[in-house]
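In case you want the letters, here they are:
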Amino acid sequence: GVQLTSAAEVLVRHAVAILERVDRAEADLAATRSEIVGDIRVATFQTAAISLIPAVLDIMAELHPALTLYLTEIEPDYGTAALLAREFDLVLGEQYPGHERPPAPGIERRLLFEDPLRLYVSDAVRGPNGNRLTDFAHVPWVLEPKNKPARAWAETACRAAGFEPLVRFESADLLVHSQLAETGHAAALLPDLVWDSRRAAAQFVALPGDPRRQVYTAVRAGAETRPVLVELRRVLDAVVHRRGDRTAIHTAVPTTSLPEEDG
């Protein structure tokens, strides 16, 4: 119930502007150096940490040996607050369909890539006729914990198909989701980034409308021209660009197109 006074709100607006100017000044100073040195703190979510970051670390270490990169895995919904609190210099975040939000004031955000979302089930769960989302209305599901955007999106997708998912398993770890799906214990809705680091062993079913989560980079406004952040974003773009062939190899499992649900 505590609220800022009108005077405090004025101070907050000035503080945001002052901190942005500080970031711009630091970026300008860094641009005068001939090489990228120092420390950089990055926050990311699990699948990006597993699939993208190792290659980024290899490239950055080769190109900029005097730079030290610190990495922390955090829940994506905490990224903006942590970035504004200056705990991190860059955040790798995600947004699920229907839950997109514009960047908060003081944040500069760029789309890195769009990550397809598909149903993932074993042959035992799918059966011979599992070609519609409604065909999985009565099987157990594994979803992320409640109040998470991924959970809200998954429940919305199931409800749009006319059923409430029977959630028997909850986990924020998508590798747990994939394992439960592959062993026939549950149906899962997973992003393709999972398969950059492991081979799929079950069946994919494409969802109506080809839903995709957005993976983005975010920095504080004013810091986007800092050379190390420009370089890190460039390297991330390069790593994402060369994902294609590797992802195709790891997802070499039959995929079934899911017809549109009635109504």
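Definitions and cut-offs
Residues numbered from 1 in each chain as written. Predicted model: local features only at pLDDT ≥ 70, side-chain atom pairs only at ≥ 80, totals over all residues. Heavy atoms only, no water. Core = buried A, V, L, I, M, F, W, Y, C linked by side-chain atoms within 4.5 Å. Buried < 20%, exposed > 50% of the residue type's maximum accessible area, 1.4 Å probe, protein only. Helix = DSSP H or I, 4+ residues; strand = E, 2+ residues; numbered from the N terminus. Contact = heavy atoms within 4.5 Å. 1 Å grid on protein atoms, 1.4 Å probe; cavity = no way out; pocket = protein on both sides within 12 Å on 5 of 7 lines; lining within 4 Å. Points joined across faces, edges and corners; volume = space filled by probe spheres on them. Nonpolar A, V, L, I, M, F, W, Y, C, P; charged D, E, K, R; others polar. pLDDT = per-residue confidence, 0-100. Salt bridge = Lys/Arg side-chain N within 4 Å of Asp/Glu carboxyl O. Phe/Tyr/Trp six-rings, centres within 6.5 Å; stacked < 30°, edge-to-face > 60°. Lys NZ or Arg CZ within 6 Å of the ring centre and 35° of its normal.

### Brief notes about the nonpolar core
Core analysis: the biggest nonpolar cluster contains 27 residues, and L52, L112 and L232 have the highest contact counts within it. If you list the elements that add at least two residues to this core, you get β1 (38–44), α3 (53–63), β3 (90–95), β4 (107–121), β9 (212–220) and α8 (227–241). No other element matches the seven residues that α8 contributes to this core. Residues within four places of L52 in sequence aside, it is in contact with T47, L112, F113, L193, V239, V240 and R243. Counting 21 residues, the second largest nonpolar core, distinct from the first, contains V121, F136, V139 and L189.

### Let's talk about unusual backbone geometry
Residue N147 is not a glycine yet carries a positive backbone phi of 75°. By the secondary structure assignment, N147 is in the loop between β5 (140–143) and α6 (149–160).

### Some remarks on the layout of surface pockets
Computed from the structure, the largest pocket encloses a volume of approximately 710 Å³. Every residue lining the largest pocket is counted, 34 residues in all, and those nearest its centre are P76, D77, E94, P149 and Y216. At the level of elements, α2 (46–51), α4 (79–84), β3, β4, α6 and β9 are the ones that each hand at least two residues to the lining of the largest pocket. Taken together, the residues of the lining of the largest pocket break down into 17 nonpolar, seven polar and 10 charged.

### Regarding the confidence of the model for the chain
Per-residue confidence for the chain gives a mean pLDDT of 86, with 82% of residues at or over 70. Contacts for the low-pLDDT stretch residues 247–254, under 50 throughout, to residues beyond four places or in other chains number 18 contacts. Across residues 256–263, confidence stays below pLDDT 50; counting only partners more than four residues off in sequence or on other chains, it has 25 contacts.

### Here's the deal with the pattern of salt bridges
Summed over all chains, the structure comprises 18 salt bridges. One salt bridge connects R220 with D89, and the closest N-O pair in it is separated by 3.9 Å. Taken together, the residues R220 in strand β9 and D89 in the loop between α4 and β3 connect sequence positions 131 residues apart. Looking at R220, the relative accessible area reads 7%, which means it is buried.

### Side note on the packing of aromatic side chains
Tallied over the full model, the rule gives five aromatic pairs. Ring centres of Y120 and W195 lie 4.6 Å apart, and the angle between their planes is 50°; this geometry places the pair in the tilted category. Placement of the pair is Y120 in strand β4 and W195 in the loop between β7 (188–191) and β8 (203–206), with a sequence separation of 75 residues. The class for W195 is buried, based on a relative accessible area of 0%. Take Y120: its relative accessible area is 0%, and that puts it in the buried class. Three or more aromatic residues joined by ring pairs form one cluster here, namely Y120, W195 and F204. The cationic tip of R109 hangs over the ring face of Y216; the distance from NZ or CZ to the ring centre is 4.9 Å.

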